[in-house]
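Structural features, examined
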Amino acid sequence: MEYQFDRVSVIGLGYIGLPTAAVIANRGVDVIGIDVNAAVVDQLNKGDIHIVEPGLDVLVRGAVHSGKFRASLTPEPAQAFLVAVPTPFKDDYQPDLAYVEAAAKSIAPVLRKGALVILESTSPVGTTLEMAAWLSAARPDLVFPHQTDGTPDVFIAYCPERVLPGQVLRELVENDRVIGGITPECAKRARSLYKIFVQGECVLTDSRTAEMTKLTENAFRDVNIAFANELSLVCEKLGIDVWELIALANRHPRVNILKPGPGVGGHCIAVDPWFIISSAPDTAHLMRTARQVNDGKPGWVVDRVRAAAMDMKHPRVACLGLSFKANIDDLRESPALHIVEDLAQRGLGELLVVEPHVDVLPRSLRDLPQVSFVGLQEALSEANIVVCLVDHDQFKDVEPAQLDGKVVIDTRGLWRHLAASQPGATVMVPDRALAR
Ligand code: SAJ
């Protein structure tokens, strides 16, 4: 049996909540989006969006103009609540559930009998049960699933988002979903909600397994990227081109090595493994080491730039890209941003920063006299060191002549093809410079 949902509320209108709200609204369901940021609420109600994600602007505008979606600061009653708020970690790598707690406390007063609450935020194992406890503490008049063997008044489930930034709208619809209920009935009700827009399979489990599934997916990717990053360090020592090596090894039918880069960023892969590690600190050795390898990579890039700058009288470093990966505007936990901040603090020379996806430099770089925000062409013509930090499409078409005579530190392997044709460009800074 499928349950009907005519009115759904999405709590947290960020990179996951907003696309989810817009997709559900476009299926004809009334959606109220709740966010604590008044500027975001105003902007959305005008049909404009505050994040960059291909196709999202059109979808949100359509949903606002059709009257199916509106944003508000204050929660209202709904048949289902989807909570998609941040779950960062604290300085000691322990998970910070303050936003989930605040979201739970904000919806508790408007919960009615029969409501479904789904947590989508990436969360340590046990968070959904904790959310149930926060809700029940605020609403002692209602029966929650962890309190009864019978039918509760409110149903609670966990369903992690798994969409890839840049491909969110397609993946929201096409990806399979793992739905973990506090009870099997909670999971079934949640599945009815996802069936409104998900074409992938909705697989049911319990909430703790679903929480661990999400963490496992991102920890798996982190460990695999760490392997590629470690290979890049080993290859530099051995004088082997890591990109050629990986391309050759990947010809094996059971080998699929990911790409090395300047480090791992974003709000997911660099964060989520810590939720596993902190729950089993004496056991999760491999995941901890992977985190350390990936976190060490930005420092390695800074060392390469430092070595190159030592050879220059007036180092002018073009830093191409600030976002945490290609073709997005998201600077959260971005290794590229951390590298540029580190270079700026070291006062190595002039930094010419290019980031086609943002309008202004982030605050940490904005008023520094040695940092300027420029276009790609200006950066390439002015710089004597070029550091490619993000493989944005805009950077792919650089002409070999534009790199002539410059030291090029290509952390993404974007210009590998130019290295052979452009003997004037040093594509990796030789180790001898570091040794001085
Ligand atoms: N990266 C590399 N080499 C690679 C792949 C990625 O250095 O071969 C870097 C990227 O440049 C970036 C970071 O890793 O800095 C993370 O990028 P990503 O594309 O691997 O992942 P995210 O953070 O954009 O999205 C991930 C996805 N998870 C998995 O692929 C297992 C996505 O499906 C999740 O929904 C998302 O995390 C999330 O929200 O948890």
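Residues numbered from 1 in each chain as written. Predicted model: local features only at pLDDT ≥ 70, side-chain atom pairs only at ≥ 80, totals over all residues. Heavy atoms only, no water.

On to the overall build of the protein, then. The number of helices and strands found in the protein is 16 helices and 13 strands. Here the protein has a C-alpha radius of gyration of 24 Å; the compact-globule value for 436 residues is 22 Å, and the two agree. Counting only C-alpha atoms, the protein reaches 75 × 50 × 40 Å along its principal axes. Buried residues in the protein amount to 53% of all 436 residues. Contacts in the protein between residues at least 24 apart in sequence constitute 69% of all its contacts with a sequence separation of at least 6. Surface exposure of the protein reaches about 19300 Å², of which carbon and sulfur atoms provide 52%. (Helix = DSSP H or I, 4+ residues; strand = E, 2+ residues; numbered from the N terminus. Rg over C-alpha atoms; globule rule 2.2 N^0.38 Å. Buried < 20%, exposed > 50% of the residue type's maximum accessible area, 1.4 Å probe, protein only. Contact = heavy atoms within 4.5 Å. Areas by Shrake-Rupley, 256 points an atom, 1.4 Å probe, with all protein chains shown as cover.)

The subject of this paragraph is the environment of Pro 54. Among the secondary structure elements, Pro 54 is positioned in the loop between helix H2 (38-45) and helix H3 (56-65). You can call Pro 54 partly exposed: its relative accessible area is 49%. Sequence separation between Pro 54 and Asp 359 is 305 residues, and the spatial gap between their C-alpha atoms is 17 Å. Once residues within four sequence positions are removed from consideration, Pro 54 is found in contact with Gly 166 and Leu 169.

This part covers the site of the ligand. Neighbouring the ligand are 21 residues, the closest being Glu 161, Arg 162, Lys 214, Arg 221 and Phe 324. Taking Asn 218, its side chain carries an N or O atom lying 2.7 Å from an oxygen atom of the ligand. Contact with the protein chains hides 89% of the accessible area of the ligand, taken as 760 Å² for the molecule alone. A per-element tally of the shell around the ligand places helix H8 (residues 207-238) first, with five residues. (Near = heavy atom within 4 Å. Polar contact = N/O pair within 3.5 Å; in protein donor to acceptor, adjacent residues only side chain to side chain.)

Moving on to the domain arrangement of the protein. Parsing the protein into structural domains produces domain 1 (7-209) and domain 2 (240-435). Between the C-alpha centres of domain 1 and domain 2 the distance comes to 35 Å. Counting residues at the interface gives 15 residues for domain 1 and 13 residues for domain 2. Here domain 1 is connected to domain 2 by zero salt bridges. Counting across the interface, domain 1 meets domain 2 through two residue pairs in polar contact (both at pLDDT 80 or more). Classifying every residue of the side of domain 1 that touches domain 2 by side-chain character gives 10 nonpolar, five polar and no charged. (Domains from an automatic or database assignment. Salt bridge = Lys/Arg side-chain N within 4 Å of Asp/Glu carboxyl O. Nonpolar A, V, L, I, M, F, W, Y, C, P; charged D, E, K, R; others polar.)

Moving on, we get to the packing of H8 against helix H9 (residues 242-249). The relative placement of two packed helices comes down to the angle between their axes together with the axis-to-axis distance. It is at 9 Å that the axes of H8 and H9 come closest, and there the two elements cross at 120 degrees. Here H8 is positioned oblique relative to H9, judged by the angle of their axes. The handedness of the crossing between H8 and H9 is right-handed. Packed against H8, whose contacting residues are Leu 231, Ser 232 and Cys 235, the element H9 presents Val 242, Leu 245 and Ile 246 at the interface. Here the contact of H8 with H9 is built from residues that sort into five nonpolar, one polar and no charged. (Axes fitted to C-alpha atoms, helices over the stretch in contact; angles between N-to-C directions. Parallel < 35°, antiparallel > 145°, perpendicular 65-115°, else oblique. Left-handed = near helix turned anticlockwise from the far one by under 90°.)

Reading across from one edge, E11-E10-E9-E12-E13 is the order of the five strands in this open sheet, with parallel pairing throughout. Only two strands of the sheet have a single neighbouring strand rather than two, namely strand E11 (371-373) and strand E13 (407-410). Across this sheet, the average inter-strand angle for adjacent strands is 20 degrees, counted without regard to direction. Bridge analysis of strand E10 (residues 350-354) against E11 gives three bridges, and the strand direction is parallel. Paired with Leu 351 across the strands is Val 371, a residue of E11. Packing of helix H11 (residues 285-310) onto the sheet brings it into contact with strand E9 (316-320), strand E12 (385-388) and E13, and relative to E12 it is tilted by some 170 degrees. Seen against the sheet, helix H12 (residues 335-346) touches E9, E10 and E11 and runs at an angle of roughly 160 degrees to E10. (Pairing = 2+ DSSP bridges.)

Glancing now at the pattern of salt bridges. Counted under the stated rule, the structure contains 20 salt bridges. Note that Glu 217 and Arg 162 form a salt bridge whose closest N and O atoms lie 2.3 Å from each other. Of the two residues, Glu 217 is situated in helix H8 and Arg 162 in the loop between strand E6 (155-158) and helix H6 (168-174); the sequence distance between them amounts to 55 residues. Arg 170 serves as the salt-bridge partner of Glu 174, at 3.0 Å between the closest nitrogen and oxygen. Pair noted here: Glu 174 and Arg 170 are both in helix H6, with a separation of four residues, about one helical turn. Overall, Glu 174 belongs to the partly exposed group, its relative accessible area being 42%. Judged by relative accessible area, Arg 170 falls into the partly exposed class, the value being 42%. Through salt bridges with shared partners, a single network forms among Arg 7, Arg 70 and Glu 76.

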